[in-house]
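Spelled out, the chains give:
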2 protein chains.
Amino acid sequence: MQVERVCIVGLGLMGGSLALALRPFLSHLAIVDTNPDTLIAAKKFADSVTADFAAGVQEADLVILATPVRAILQLLAQLPTARPHGCLVLDLGSTKAAICRAMAQLPPSFQAIGGHPMCGKETAGFAQAEPDLFAGQTFVLCGNGRTTPHVEAVAHEIIEKIGALPLALPSQSHDEMVAAISHLPYLVSAALLQTAAAQDNEQLWLVSASGFRDTTRLAGSAPQMMLDILLTNGTAVINQIETYQNQLIEIKQLLLSGSEQELANRLAKTRQQYLTYRNAKQKR
Amino acid sequence: MQVERVCIVGLGLMGGSLALALRPFLSHLAIVDTNPDTLIAAKKFADSVTADFAAGVQEADLVILATPVRAILQLLAQLPTARPHGCLVLDLGSTKAAICRAMAQLPPSFQAIGGHPMCGKETAGFAQAEPDLFAGQTFVLCGNGRTTPHVEAVAHEIIEKIGALPLALPSQSHDEMVAAISHLPYLVSAALLQTAAAQDNEQLWLVSASGFRDTTRLAGSAPQMMLDILLTNGTAVINQIETYQNQLIEIKQLLLSGSEQELANRLAKTRQQYLTYRNAKQKR
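Residues numbered from 1 in each chain as written. Chains lettered and ligands numbered in written order. Predicted model: local features only at pLDDT ≥ 70, side-chain atom pairs only at ≥ 80, totals over all residues.

Let's talk about the overall build of chain A
From N to C terminus, chain A includes 12 helices and 8 strands. Dimensions of chain A, computed from the C-alpha atoms along their principal axes, are close to 70 × 40 × 35 Å. For chain A, buried positions account for 54% of its 284 residues. Partitioning the intrachain contacts of chain A with sequence separation of at least 6 by distance along the chain shows that 73% fall at a separation of at least 24. (Helix = DSSP H or I, 4+ residues; strand = E, 2+ residues; numbered from the N terminus. Buried ≥ 20, exposed ≤ 12 C-beta atoms within 10 Å, placed from the backbone. Contact = placed C-beta atoms within 7 Å.)

And the structure:
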């Protein structure tokens, strides 16, 4: 590896999986986490563990920020004091525009790039971490005012080591895209669960099957992570909700008007779009 | 088995899986399907195969209707002519009120009960059929004006043989429940896919991960099956869409007002409801 000493801040599903995947390639791995139990678990494979951010990053060549988005923003603000000589910085936050703006404000001694591995589970925490979480998955990289060829090369080396596939995107484009394929799906999933729960009928869960299970899976996402996402990507998410609401209004109109042929055409088109999406995924 | 000669009409995912699961227990199994390729496949395990409904049912003790809902309604209308001496009737249709009304109109020589196994896949057809599809899944039974203790006992015997779990429900309750846990999820899934497709951005599919895959899986459902479902359960589905729309309006308001505490409370409540639902499923 081009970097020897790495500090990962936040040992949840993402940070933990990255720690496990990168461990064999690093001469020194420091872990920062605020949960004492997580630090005990981290001691088994890390060279140093601490709850103190400044202590954890003090000798790191590369700091990887893997907390929820707004905690990343706070840590970026603390970084110049905690690591006065500067270092490389990568993050794994779920939204990228706010983080990339904050990275661009770092002193010139820092070289920073935004990152977002496009994978996850609805169950969070280090207990769920696994070293092959990223294998075959897209890993978005977002350049900003502090991105240099060196930090970009280091990020690519990490992505290669963990078996992911790099995709460079402007942070604004990333945020608009994830609003459609990640944040809206969460809200849709949550609203679906709440609509069913509003029936207040215990038997409903007995009748529910794999379709309901899969469409509501994201409703189990970690509330703190989702809160930070929604608060840092509000505009794009609201735009997506509105497009989505129009889709629902159209389908409700078709049901109310009872126009069988139009409804049939719409369902057939939906199926066709589904196949297009699945084919695009399989080609990757 | 209390019945020896069974005719299954419609060898798709449901009818095909039931045929494979029941085959060892039947002395004579007749298959009716309109697809010539499906009939060739059915010849390998069935005693007789035909595209002609009247020919298929003529000697059956029990006719199991496993086509899309509106085809079931048509077949029920043809049954008194096709099988003048009467027989037992069970169906596997996705909505139950219209079918149970039609069953109640059969002559008194028929004994009929509505059925709905709560399982499925987004991929339809006999090629996807498997004998253990129903194992451990809820199988709803809906009595009607032609339901007798005998046909009810036969239905329970079938459910036991295929390893499913019976649940008796009034047909109207069934339809209201599946509107919330099956039909709305389909529409939600379809609208989500269309909202993403509206971005018209090929890269979107590369960035999408398992969350999007799972929430849009139902959008791949067979259009003809879904059309029949929506047209025979329109009122309940429209009610669910409206409850759902209100959920979306509320969440959009929270995002627009930027009220962090209220948003946090709502996300935490969502997570709690998700755990309640998952626990109820696991207890079953």
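Some words on the sheet that holds strand S6 (residues 111-117) of chain B
Residue and element names in this part refer to chain B. Here we have 8 strands laid out as an open sheet, ordered S3-S2-S1-S4-S5-S6-S7-S8, and mixed in their pairing. Lying at the two open borders of the sheet, with one neighbouring strand each, are strand S3 (48-50) and strand S8 (165-168). Pairs of neighbouring strands in the sheet enclose a mean axial angle of 20°, with direction left out of account. Bridge analysis of strand S1 (residues 5-9) against strand S4 (residues 62-65) gives 4 bridges, and the strand direction is parallel. Each bridged residue has a counterpart across the sheet, and for cysteine 7 the counterpart in S4 is valine 63. Against the sheet, helix H1 (residues 13-22) contacts S1, strand S2 (28-32), S4 and S6, and its axis sits at roughly 160° relative to S1. On the sheet, helix H6 (residues 149-161) packs against S4, strand S5 (88-91), S6, strand S7 (138-142) and S8 and is oriented at approximately 30° with respect to S6. (Pairing = 2+ DSSP bridges. Axes fitted to C-alpha atoms, helices over the stretch in contact; angles between N-to-C directions.)

Thoughts on helix H1 (residues 13-22) of chain A
Residues and elements named next belong to chain A. Counting buried positions over the 10 residues of H1 gives 9, a clear majority of the element. For H1, the full list of buried residues reads Leu13, Met14, Gly15, Gly16, Ser17, Leu18, Ala19, Ala21 and Leu22. On its buried face, H1 is in contact with strand S1 (5-9), strand S2 (28-32), strand S4 (62-65), strand S6 (111-117) and helix H6 (149-161).

Here we look at the interface of chain A and chain B
Across the boundary between the two partners, chain A contributes 78 residues, which contact 78 residues of chain B. Of all the secondary-structure elements, those providing two or more residues to the side of chain A that touches chain B are strand S7 (138-142), helix H7 (171-197), helix H8 (203-207), helix H9 (210-216), helix H10 (223-232), helix H11 (234-257) and helix H12 (260-283) of chain A. The element contributing the most residues to the side of chain A that touches chain B is H7(A), with 18 residues. Of the residues in the side of chain A that touches chain B, the class split is 47 nonpolar, 23 polar and 8 charged. (Nonpolar A, V, L, I, M, F, W, Y, C, P; charged D, E, K, R; others polar.)

A word on the relation of the copies chain A and chain B
For these two chains of identical sequence, chain A goes onto chain B by a turn of 180° and a shift of 0.0 Å along the axis, with RMSD 0.0 Å. The relationship between the two copies is best expressed as a two-fold rotation axis. Taking C-alpha positions as the reference, the residue of chain A nearest the rotation axis is Thr215(A), at 2.1 Å. Comparing contact sets, 100% of the residues at the interface of chain A also lie at the interface in chain B, consistent with an isologous, same-surface contact. (Least-squares fit on C-alpha atoms with pLDDT ≥ 70 in both.)

Describing the environment of Ala168(A)
As for its position among the elements, Ala168(A) is in strand S8 (residues 165-168). In this structure the C-alpha to C-alpha distance between Ala168(A) and Val140(A), which are 28 residues apart in sequence, comes to 5.7 Å.

Some details on the domain arrangement of chain A
Interface size is commonly expressed as the accessible area that is lost once the parts come together. Residue and element names in this part refer to chain A. When cut into domains, chain A gives domain 1 (5-169) and domain 2 (173-283). Computed from C-alpha coordinates alone, the two centres of domain 1 and domain 2 are separated by 31 Å. On the domain 2 side, the residues contacting the 14 residues of domain 1 number 15 residues. Looking at the side of domain 1 that touches domain 2, the elements that each hand over two or more residues are helix H4 (69-82), helix H5 (97-104) and S7. Grouping the amino acids of the side of domain 1 that touches domain 2 by side-chain chemistry returns 8 nonpolar, 3 polar and 3 charged. (Domains from an automatic or database assignment.)

What about the sheet that holds S6(A)?
Neighbouring strands of a sheet are bound in pairs by backbone hydrogen bonds; such pairs are parallel or else antiparallel. All names here are of chain A. Across the sheet, 8 strands lie side by side as S3-S2-S1-S4-S5-S6-S7-S8; this open sheet has mixed pairing. The sheet terminates laterally at strand S3 (48-50) and S8, the two strands that pair on one side only. In this sheet, adjacent strand axes meet at a mean angle of 20° when their direction is disregarded. Pairing geometry for S7 and S8, over 4 bridges, is parallel. Bridge pairing in S8 places valine 140 opposite leucine 167.

So, the packing of H10(A) against helix H12 (residues 260-283) of chain B
Where H10(A) contacts H12(B), the two axes come as close as 9 Å, and the packing angle between them is 140°. One element, H10(A), and the other, H12(B), form an angle in the oblique class. Crossing handedness for the pair H10(A) and H12(B): right-handed. Residues Pro223(A), Met226(A), Leu227(A), Leu230(A) and Leu231(A) of H10(A) form the contact with H12(B), whose participating residues are Glu260(B), Leu263(B), Ala264(B), Leu267(B), Ala268(B) and Arg271(B). Among the residues making up the contact of H10(A) with H12(B), the classes are represented as 9 nonpolar, no polar and 2 charged. (Parallel < 35°, antiparallel > 145°, perpendicular 65-115°, else oblique. Left-handed = near helix turned anticlockwise from the far one by under 90°.)

A word on the pairing of S7(B)
All names here are of chain B. Within S7, 5 of the 5 residues are buried, which leaves the element mostly enclosed by the surrounding structure. The two faces of S7 match: Thr138, Val140 and Cys142 on one face and Phe139 and Leu141 on the other face are all buried. Considered for its hand, the β-α-β crossover made up of S7, H6 and S8 is right-handed. (Right-handed = clockwise from strand over helix to strand, strands pointing away.)

A short note on H7(A)
All names here are of chain A. The first and last C-alpha atoms of H7 sit 37 Å apart over 27 residues, in line with the 39 Å expected at 1.5 Å per residue. Helix geometry: H7 is bent most strongly at alanine 179, by close to 50°. Of all 27 residues that make up H7, 24 are buried, and the element is covered over most of its length. (Expected span 1.5 Å × (residues − 1). Bend = angle between axes of the 7 residues up to and from the residue.)

What about the environment of Tyr244(A)?
Turning to its location among the elements, Tyr244(A) is positioned in helix H11. For Tyr244(A), a count of 25 C-beta atoms within 10 Å puts it in the buried group. Remark: the alpha-carbon pair of Tyr244(A) and Ser27(A), spanning 217 residues in sequence, is separated by 49 Å. Once residues lying within four places of it in the same chain are set aside, the contact partners of Tyr244(A) are Leu184(A), Ala191(B), Leu192(B) and Thr195(B).

Remarks on unusual backbone geometry
The backbone of Asp200(A) shows a phi angle near 50°, a positive value even though the residue is not glycine. Inspection of the secondary structure assignment puts Asp200(A) in the loop between H7 and H8.

Considerations on the nonpolar core
Inside soluble globular proteins, nonpolar side chains tend to come together where they are buried. With 202 residues, the main nonpolar core has Ile64(A) and Ile64(B) as its most contacted residues. Leave out the neighbours within four places in its chain, and Ile64(A) touches Val6(A), Ile8(A), Val9(A), Leu18(A), Leu90(A) and Leu92(A). (Core = buried A, V, L, I, M, F, W, Y, C linked by C-beta atoms within 7 Å.)

Digging into the confidence of the model for chain A
Across chain A, the average pLDDT comes to 95, with 99% of residues at 70 or higher. As scored by the predictor, the complex reaches a pTM of 0.92 and an ipTM of 0.90. (pLDDT = per-residue confidence, 0-100.)

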